[in-house]
Amino acid sequence: MNASELRIGNLVDLGNRIAKVIEINHLACVVVDLEETQDTIEDYERVKGIILTEEWLLKFGFELDIEDDGYSKGKYKVSVSDEGCIFFIYDSFYPIEICEFKHIHQLQNLYFALTGEELILNI
């Protein structure tokens, strides 16, 4: 993974554990394990994106919208398929497709860019 893809607060996969990025530099990032409180320095080659699933959307406070077959949070909606996710924003009543993505850190970055707020993980 490239350093330019990450922001402090992003969740990443380290193979055997999920961690939160707490510091970024050009050579590595510092992460803290979600289950432990120990932080470690990780090379970017070891850091992977976490595939965004319906379970993760629920943990981030999105709600299942059976009528539209997706997950919504306020005026934002995410549609999940085998190929990835599509992020929509509603302008009045019409959805506008913003982008496609596959990983949690991409959703976190897009949500922050649009709202100025972090997605809060409800475990």
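The sections below set out a description of the structure shown in this document. Bear in mind the structure is a predicted one, so any value in this text is a computation, not a measurement.

### Side note on the overall build of the chain
Looking only at helices and strands, the chain features two helices and nine strands. Its helices and strands in sequence order give the chain the pattern β-β-β-β-α-β-β-β-β-β-α, from N to C terminus. On C-alpha atoms alone, the chain measures out to a radius of gyration of 15 Å, which is about the 14 Å that the 2.2 N^0.38 rule sets for 123 residues. With the principal axes as the frame, the chain shows a C-alpha extent of 45 × 25 × 25 Å. Within the span of the chain, comprising 123 residues, buried residues form 36% of the whole. Nonlocal contacts in the chain, meaning residues at least 24 apart in sequence, comprise 35% of its contacts between residues at least 6 apart. As displayed, the chain has an accessible area near 7600 Å², and 50% of this comes from carbon and sulfur atoms. Positive and negative charge centroids in the chain, built from 10 and 24 side chains respectively, lie 3 Å apart.

### Points about the side chain of Asn-10
Looking at the secondary structure, you find Asn-10 in the segment before β1 (11–13). For Asn-10, a relative accessible area of 0% puts it in the buried group. A polar atom in the side chain of Asn-10 sits 2.9 Å from the side chain of Asn-109. Every residue in contact with Asn-10, bar those within four places of it in the chain, is listed here: Glu-5, Ala-19, Lys-20, Val-21, His-105, Gln-108 and Asn-109.

### Details of helix α2 (residues 104–115)
The end-to-end C-alpha separation of α2 is 16 Å, in line with the 16 Å expected for 12 residues at 1.5 Å each. All of the buried residues in α2 are Ile-104, His-105, Leu-107, Gln-108, Leu-110 and Tyr-111. Downstream of α2 by a residue or two, Gly-116 has a phi angle that is positive, lying close to 75°.

Conventions used here
- Residue positions within a chain follow its written sequence, with the count starting from 1.
- Per-residue local features of the predicted model are confined to residues with pLDDT of at least 70, and side-chain atom pairs are confined, for both listing and counting, to 80 or more; whole-chain, interface and lining totals are unaffected and use all residues.
- Values reported for side chains reflect all heavy atoms of the structure, with hydrogen atoms and water molecules removed beforehand.
- Secondary structure elements are taken from DSSP: a helix is a run of H or I of four residues or more, a strand is a run of E of two residues or more, and numbering for both begins at the N terminus.
- In this setup the radius of gyration rests on C-alpha atoms only. A globule is expected at 2.2 Å times the number of residues raised to 0.38.
- To sort residues, take the accessible area from a 1.4 Å probe on protein chains only and compare it with the maximum for the residue type: under 20% means buried, over 50% means exposed, and anything in between is partly exposed.
- Residues count as neighbours in contact if any of their non-hydrogen atoms are within 4.5 Å of one another.
- Only the protein chains shown count as cover for residues, and all accessible areas are computed by the Shrake-Rupley method using a 1.4 Å probe.
- Two residue types count as positive, namely Lys and Arg, and two as negative, namely Asp and Glu; His and chain ends fall outside the count.
- To locate a charge, the coordinates of NZ of Lys, CZ of Arg, CG of Asp or CD of Glu are taken.
- Pairs of N or O atoms within 3.5 Å make up the polar contacts considered here, provided that, within protein, one atom can donate a hydrogen while the other can accept it, and that residues adjacent in sequence are counted only when both atoms are side-chain atoms.
- By this rule, a helix spans an expected 1.5 Å times one less than how many residues it contains.

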